[in-house]
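Residues per chain, in single letters:
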Amino acid sequence: MSVPVTGGNTLAPVAILLIEDDEVIRRSVTMALERYGYRVTSAGDGLTGLELFWEGRHDLLLLDVMLPGLDGIGLCRRVRETSMDPILMMSARGDALDVVSGLEAGADDYVVKPVDTAVLVARIRSLLRRATFSPAARPEDPDRPAERAPLVFGDLTIDTAGLEVFHAGEPVALAPSELRLLLEFAANPGVVLDRQMLLRNVWEYGWHGDSRVVDLCVQRLRRKIGAERIQTVRGFGYKLRR
């Protein structure tokens, strides 16, 4: 993945696959993203978009929910069968069913159409940061081993240095948001984290965000690491069982 160039808003080319059936929206979003330095490949239907995904390498997928042939939900599921690349869904008017279905299918986040360019670019940048996340370096400690020991919570093992997760000894493939969410829990074992805090720390929302994003990401995590590992504290949030 390309790295942002320092200074201004200019970025080294980052490859985005845009799949949107409305030609006017597709062109306007493409032009807006290209002004920010992104390289955009686009398709007008789900099946063509899936072919482009298989044929090329992309840093992020931007998908409309309503697509001819193969809709955005089905496309998201197909992509998640083989890839944990960041996926950002576009939903008309923030329709509750569209949002829930997209997040359940494996999308990392969503934006509402008509798309505000500033919000879209902010969500893209946040997703790209999550996809290239590396734990902050810690000061050298002569009493600390050269390599940090993995974190172990029952049958769940988290290698925070190598960013690998194992459940019952088997590797677990996590999407960027799922991994960042799990790392946030692991850094605060046994501590109740409320949804708005998680939206700020994991999704980098600078405003009051949609808590469904957190709830559905937690659901996906539970399916992968065990439903009992993340506990719901009703009325407050979630915590990782020690």
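Residues numbered from 1 in each chain as written. Predicted model: local features only at pLDDT ≥ 70, side-chain atom pairs only at ≥ 80, totals over all residues. Heavy atoms only, no water.

In the predicted model, the protein carries a mean pLDDT of 88, and the fraction of residues at 70 or more is 88%. Every residue in residues 1-11 scores below 50 in pLDDT, and together they form 19 contacts with partners more than four places removed in sequence or on other chains. Confidence drops under a pLDDT of 50 for residues 137-142, and excluding neighbours within four residues, the segment shows three contacts in the predicted structure. (pLDDT = per-residue confidence, 0-100. Contact = heavy atoms within 4.5 Å.)

This part is about the pairing of strand β1 (residues 15-19). Across a regular strand the side chains alternate sides, sitting on one face of the sheet and then on the other. Extensive coverage of β1 is indicated by the burial of five of its five residues. Residue alternation in β1 divides its side chains into two sets, A15, L17 and I19 and I16 and L18, and both sets are buried. Where β1 and strand β2 (residues 39-43) come together, five bridges link them in parallel fashion. Its bridge partner being in β2, I19 is matched across the sheet by A43. Regarding the hand of the β-α-β motif, the stretch spanning β1, helix α1 (residues 23-35) and β2 is right-handed. (Buried < 20%, exposed > 50% of the residue type's maximum accessible area, 1.4 Å probe, protein only. Helix = DSSP H or I, 4+ residues; strand = E, 2+ residues; numbered from the N terminus. Pairing = 2+ DSSP bridges. Right-handed = clockwise from strand over helix to strand, strands pointing away.)

If you walk across this open sheet you meet the five strands as β2-β1-β3-β4-β5, and the pairing is parallel. The open sheet has two edge strands, β2 and β5 (109-113), and neither has a second partner. Strand-to-strand twist of the sheet, defined as the mean angle between neighbouring strand axes without regard to direction, takes the value 20°. Summarising the sheet, strand β3 (residues 60-64) and strand β4 (residues 87-92) pair through four bridges and their orientation is parallel. When the bridges of β4 are listed, D64 appears paired with M90. Lying over the sheet, helix α3 (residues 72-80) contacts β1, β3 and β4, oriented at roughly 170° with respect to β4. (Axes fitted to C-alpha atoms, helices over the stretch in contact; angles between N-to-C directions.)

A few words now on empty space enclosed by the protein. Using the criterion set out here, one finds one cavity of 30 Å³ or more in the structure. Reported here for the largest cavity is a volume of approximately 30 Å³. Forming the walls of the largest cavity are V65, M89, S91, D98, V99, G102, L103, A107, D109 and Y110. Taken together, the elements giving at least two residues each to the lining of the largest cavity come down to β4, α4 (96-105) and β5. (1 Å grid on protein atoms, 1.4 Å probe; cavity = no way out; pocket = protein on both sides within 12 Å on 5 of 7 lines; lining within 4 Å. Points joined across faces, edges and corners; volume = space filled by probe spheres on them.)

Right, let's talk about the side chain of R80 for a bit. Its place among the elements puts R80 in helix α3. Here the side chain of R80 touches G106 through a polar contact of 2.9 Å, landing on its backbone oxygen. Of note is the side chain of R80, whose polar atom sits 3.0 Å from the side chain of D108. Aside from chain neighbours lying at most four places away, what touches R80 is D85, P86, I87, A105, G106, D108 and A175. (Polar contact = N/O pair within 3.5 Å; in protein donor to acceptor, adjacent residues only side chain to side chain.)

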